[in-house]
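Architecture at a glance
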Amino acid sequence: MTIVVCAYDHTWPLRFAQLAQPIQQALAGFHAITIEHVGSTAVPGLAAKPIIDMDIVVQHSSDIPGIIATLAPLGYEHRGDLGIVGREAFTRPADMFPHNLYLGLASAPSMRNHLLLRDYLRQHPQAVLAYGKLKQQLAQQYPDDIDAYVAGKSQFIADILTAQGMDAQHVADIQQQNRA
């Protein structure tokens, strides 16, 4: 699969809302959950791969098994944590707009990472420009190597997470996971 990074598309927030709506309805009986639009498509003006990233964020680990079971009839296949502690990943139904769906505790570094990065970028337009340029360069340099593309973004992300006060060990763990 060739990596494509394109200019920001103003329809991405609408796509997120359309994707999140049936999930939100299905999960209405669970305590204190949010469905967050994360990743580059959640940042106005940021160049991105045209794939929506979504996090289901829960407060209680006891909700996780029930949420996994509730997502299955919607067509989401649970894939486990894929080596990222505190984050459960899902395969989306094939007939839906491309998106990634994750589930995790609000306190998990893997969830906090997504929210801290998104919120920082939303508030720092110069970082949006720099990150977009980096992503476009990496997509050109590694068009068929997603691992190299992700690894190439790792230091930029780590610098933001560190500036946002994320624990140094958690930042190091995220960098290691991005290079695995």
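Refer to the structure above for everything that follows.
Just so we're clear, the structure is a prediction, and the values are computed from it rather than from any experiment.

Given 3.6 residues to a turn, an α-helix orients residues that are three or four positions apart in the same direction. Counted at 1.5 Å a residue, the expected span for helix H5 (residues 146-163) with its 18 residues is 26 Å, and the 26 Å between its end C-alpha atoms agrees. The largest bend along H5 measures about 35° and falls at Ser 154. Listed as buried for H5 are Ala 148, Tyr 149, Lys 153, Ser 154, Ile 157, Ala 158, Ile 160 and Leu 161.

This part takes up the nonpolar core. Ranked by internal contacts, the top residues of the largest apolar core, which has 23 residues, are Val 5, Leu 46, Leu 121, Tyr 131, Tyr 149, Leu 161 and Met 166. When contributions to this core are tallied by element, the ones reaching two or more residues are helix H3 (109-123), helix H4 (125-141), H5 and helix H6 (168-179). Broken down by element, the residue count for this core peaks at six residues, all from H4. Setting aside its immediate chain neighbours within four residues, Tyr 131 contacts Ser 40, Leu 46, Leu 121, Lys 153, Phe 156 and Ile 157. The next biggest cluster of nonpolar side chains, apart from the first, holds 22 residues, and it includes Phe 16, Ile 33, Ile 64 and Tyr 76.

Parameters and conventions
- Residues numbered from 1 in each chain as written.
- Predicted model: local features only at pLDDT ≥ 70, side-chain atom pairs only at ≥ 80, totals over all residues.
- Heavy atoms only, no water.
- Helix = DSSP H or I, 4+ residues; strand = E, 2+ residues; numbered from the N terminus.
- Expected span 1.5 Å × (residues − 1).
- Bend = angle between axes of the 7 residues up to and from the residue.
- Buried < 20%, exposed > 50% of the residue type's maximum accessible area, 1.4 Å probe, protein only.
- Core = buried A, V, L, I, M, F, W, Y, C linked by side-chain atoms within 4.5 Å.
- Contact = heavy atoms within 4.5 Å.

Any link to function would need more than the numbers given here.
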